[in-house]
Every structure is written in C-alpha cells, then in structure tokens.
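Structural characterization, general
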Amino acid sequence: MRLSVLDQSPISEGSTGADALRNSVDLAQFAESLGYERYWVAEHHGTPALACASPEALIGPIAAATSRIRVGSGGVMLPHYSPFHVAETFSMFSGLFPGRIDLAVGRAAGTDPTTAFALQRDRRQAAPDDFPAQLFDLMAYLDDDMPSDHPFARLTQLPGRPELPDLWLLGSSAQSGIWAAELGLPYAFADFINPNGVEIAAHYRRDFTPSKRQPAPKVMVAVWALCAETDEEARRLAASSKMMFTLFFRGQLIPIPPVEKALRFLEQQADTLDAMTNRRRVIDGSPAKVRAGIKRVAGEYEADEVMFVTITYDHPPRRRSYELV
C-alpha cells in the first residue's frame, strides 16, 4: 500500500500564513525522507485557517526542495481558471521536474460564494457551471488531441513537452466518480469530506472506461488522520482542528487554536457540537489504532493508495504524526 500526504498549510493562532507555507516545504522534505509516495497541496481561499490559496505557487518550491517524491495539486479548483493556463503551468512544472508532477483537479470552489465571485476576472455575471467542458479542454491540451474544428485547435505547443503531469480527478460525490470512469482518469476520493464513498468508488471501478492515460481503474482515498504515541495524546492534539471545523460549520472562520483553548471550548460545547463535525471520519490514536484504521478504510475502498491530511496547532506534532503513520 502506498501512502501519501495532503497538505492544507494550516495557520496556527499567533503565527502567520508565511510560517504555514514554510512549514509545508519542511513537511514535504520530511515526508520524502520517510518514503511517502506523493505530496499534494490543497487550494482554499479567504480563510485565516489555511494558507495555500494557489497550489501552483507552492508546488514549485516544494518540488525544488525535494528530489524523489511526486508533487502536485490536491487540487486545482478548475472552475476558477482557464484550462489552457492550467495546462501550460503544469506542463512547465513537468518540464522542470520530469516524472514527478501530478495535476489533480476538482469542481468545488474551495471557498464561499462571495470569495469565489471575487476570484472571477469578469464579475458582470456568475461564471457558468461548465466543468465537464473545462475538463475536456484541459485533457485535449495535455494530450495534444484538440478537435480540428475547435476554436483553440492550434494551441498545442505546451512549454514543458514532452514531459506531462499525471492527471487525476478529485471528488466527494457520485458525479465525480461517473466523470472519472467515463474519461478513464485515476480517481482520488475525499473521505474526509464524505465518509460514504465506498459505493461511489465501487461504481467508478465497475464502469471504468480504459484510456491511453489510464488502462485500469485507480482509486486513492484521502482521510483525516492524526497519530501520536497514545490514544489520549492523539485525541488531545485533535481538539484544535475539531474546534476550528466546529466553528467553520457555524460560519465562523478562525486560525488553528492552541490545544488547551480548544479543549476548553469542546468541553463547554459538549452538548451542542455540530452533527456535521461529528459525522466526519477521523482516524486518530496510537500507531496500532491508526494502522488498523488505515487498513480498514483502504480495504473498504479497495484503494491502491491512502492519502492523509493532518492538522495540529504546533508543527512538530504534525511531523511526528506522519512519521508514526
């Protein structure tokens, strides 16, 4: 089983986004030394909790600071961008770091509707919901397979050729699984958003159409995980992210709080904690407990690979968690 890292670049209370971004580069180097398969950085906008608003701005420094581990986006939220711009950007990465770049794309906004609207270049009206067309164009640019009657058919000279990124589709719903199967793409399912994806992954595998890019179905599952020396210490460290997400679901955005502050909050809120927060699957505990949880989730999804997102207030416990995993 291959293990990988999903990094959301958490910003701790009392620190800065710049600190969080430097921690991401440090964690990527550490993950490579531990033998992780790939390191993906997420895209989130307009939040004091997560620093990576631009995966492509972080992928380059991480790839330059490492030598073996695959580096990519987890993911690029394609509705915000021109498919041609994304293809050119990740072609450049592939030319600079051959055989190491992943381009995972998603449909979600990665933010609230107001911030998504602010990201648009043209704000005279809301952007169209044309993700399938965007994905078709992106694949055509990467594969140099644009139909001759397409208005952009001549745009074939990507700067990093002959190197290309590996293209993945992200998802947390049934529709993403359908698209991934139809297009013959590897599929990364966000169990940490929707812990009910086993049937979606099964349908993807059953309906998969082989492609030049991917001859057989390939599933990766991304989960929340936090590993410490003991179950008690893991639960204690997890309080920071639990408080942050509890308030997030109530519309309150905060940086990652210190552990003691979070523990007091959770104790005071014990009777009113949001159901959404409690429904999300979290694999936390000692190494033995986390190992069992990872194996269980991988088995349920029949996943080739498991990717972990871990948030702690302090950076050293996050490093230690990935080490123990």
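Below is a short write-up of the structure. This one's a predicted model, so the numbers in the text were calculated from it and none came from an experiment.

1. Quick word on the overall build of the protein chain
- When helices and strands are tallied, the protein chain shows 12 helices and 9 strands.
- Compactness check: the protein chain gives a C-alpha radius of gyration of 20 Å against a globular reference of 20 Å for 325 residues, within 12% of the reference.
- Expressed along its principal axes, the backbone C-alpha trace of the protein chain runs to roughly 65 × 45 × 40 Å.
- When each of the 325 residues of the protein chain is scored for burial, the buried share is 50%.
- For the protein chain, long-range pairs separated by at least 24 residues make up 72% of all intrachain contacts whose partners lie at least 6 apart in sequence.
- Total accessible area on the protein chain is roughly 14700 Å²; 53% of this is exposed by carbon and sulfur atoms.
- Taking the average location of the 33 positive side-chain charges in the protein chain and that of its 40 negative ones, the two points are 2 Å from each other.

2. A short note on the pairing of strand 2 (residues 38-41)
- Side chains of strand 2 alternate between two faces, with Arg 38 and Trp 40 and Tyr 39 and Val 41 buried alike.
- Both strand 1 (residues 2-7) and strand 2 contribute to a ladder of 3 bridges, which runs parallel. In the strand pairing of strand 2, Asp 7 is matched with Val 41.
- Tracing the backbone out of strand 1, into helix 1 (residues 17-34) and back to the parallel element strand 2 gives a crossover that is right-handed.
- As defined by bridge partners, strand 2 adjoins strand 3 (residues 70-77) across 4 bridges and the pair is classed as parallel. When the bridges of strand 3 are listed, Tyr 39 appears paired with Val 71.

3. Considering helix 9 (residues 259-268)
- Among all positions in helix 9, only Val 259, Ala 262, Phe 265 and Leu 266 are buried. Along the axis of helix 9, the buried positions cluster into a sector of 125°, meaning they face one direction only. Across from the buried face of helix 9, at angles greater than 90 degrees, the exposed residues are Glu 267 and Gln 268.

4. A few points about the packing of aromatic side chains
- Across all of its chains, the model carries 13 aromatic pairs by this definition.
- Aromatic side chains Tyr 36 and Tyr 322 sit 5.8 Å apart centroid to centroid with 80° between the ring planes, which places their arrangement in the edge-to-face category. With Tyr 36 in the loop between helix 1 and strand 2 and Tyr 322 in helix 12 (residues 315-324), this residue pair connects regions lying 286 residues apart in the sequence.
- By relative accessible area, Tyr 322 is classed as buried at 2%.
- Plain terms: the ring middles of Tyr 187 and Tyr 204 are 5.2 Å apart, the flat faces sit at 40° to each other, and that makes the pair tilted. Residue Tyr 187 is found in strand 6 (residues 187-190), and its partner Tyr 204 is found in helix 7 (residues 198-207); the two are separated by 17 residues along the sequence.
- What makes Tyr 187 buried here is its relative accessible area of 0%.
- Within the aromatic cluster, the residues linked to one another by ring pairs are Tyr 187, Phe 189, Tyr 204, Phe 208 and Tyr 301.
- One Lys or Arg, Arg 319, reaches over the ring of Phe 30 and ends 3.9 Å from the middle of that ring.

5. What to know about the environment of Asp 143
- For Asp 143, the location among the structural elements is in helix 5 (residues 131-143).
- Placed 13 residues apart in sequence, Asp 143 and Thr 156 show a C-alpha to C-alpha distance of 8.8 Å.
- Excluding residues within four positions of it along the chain, Asp 143 makes contact with Arg 161 and Arg 213.
- Only 2.3 Å separates the side chain of Asp 143 from the side chain of Arg 213, close enough to count as a polar contact.

6. What about the nonpolar core?
- Core analysis: the biggest nonpolar cluster contains 63 residues, and Tyr 39, Leu 103 and Leu 138 have the highest contact counts within it.
- Ranked by the residues each element gives to this core, the list is headed by helix 5, at 7 residues.
- Grouped together as the second largest cluster of nonpolar side chains are 21 residues, Ala 42, Met 77, Trp 168 and Ile 256 included.

7. A word on the side chain of Ser 73
- Its place among the elements puts Ser 73 in strand 3.
- Of the polar contacts made by the side chain of Ser 73, one reaches the backbone oxygen of Ala 104; its length is 2.9 Å.

8. Comments concerning the packing of helix 1 against helix 2 (residues 55-65)
- At a minimum axis separation of 9 Å, helix 1 and helix 2 run at an interaxial angle of 40°. Here helix 1 runs over helix 2; the crossing is right-handed. Here Leu 21, Ser 24, Val 25, Ala 28 and Gln 29 of helix 1 come into contact with helix 2, specifically with Leu 58, Ile 62 and Ala 65.
- Classifying every residue of the contact of helix 1 with helix 2 gives 6 nonpolar, 2 polar and no charged.

What counts and how
- Residues numbered from 1 in each chain as written.
- Predicted model: local features only at pLDDT ≥ 70, side-chain atom pairs only at ≥ 80, totals over all residues.
- Heavy atoms only, no water.
- Helix = DSSP H or I, 4+ residues; strand = E, 2+ residues; numbered from the N terminus.
- Rg over C-alpha atoms; globule rule 2.2 N^0.38 Å.
- Buried < 20%, exposed > 50% of the residue type's maximum accessible area, 1.4 Å probe, protein only.
- Contact = heavy atoms within 4.5 Å.
- Areas by Shrake-Rupley, 256 points an atom, 1.4 Å probe, with all protein chains shown as cover.
- Lys, Arg positive; Asp, Glu negative; His and termini not counted.
- Charge placed at Lys NZ, Arg CZ, Asp CG, Glu CD.
- Pairing = 2+ DSSP bridges.
- Right-handed = clockwise from strand over helix to strand, strands pointing away.
- Arc of directions from axis to C-beta.
- Phe/Tyr/Trp six-rings, centres within 6.5 Å; stacked < 30°, edge-to-face > 60°.
- Lys NZ or Arg CZ within 6 Å of the ring centre and 35° of its normal.
- Polar contact = N/O pair within 3.5 Å; in protein donor to acceptor, adjacent residues only side chain to side chain.
- Core = buried A, V, L, I, M, F, W, Y, C linked by side-chain atoms within 4.5 Å.
- Axes fitted to C-alpha atoms, helices over the stretch in contact; angles between N-to-C directions.
- Left-handed = near helix turned anticlockwise from the far one by under 90°.
- Nonpolar A, V, L, I, M, F, W, Y, C, P; charged D, E, K, R; others polar.

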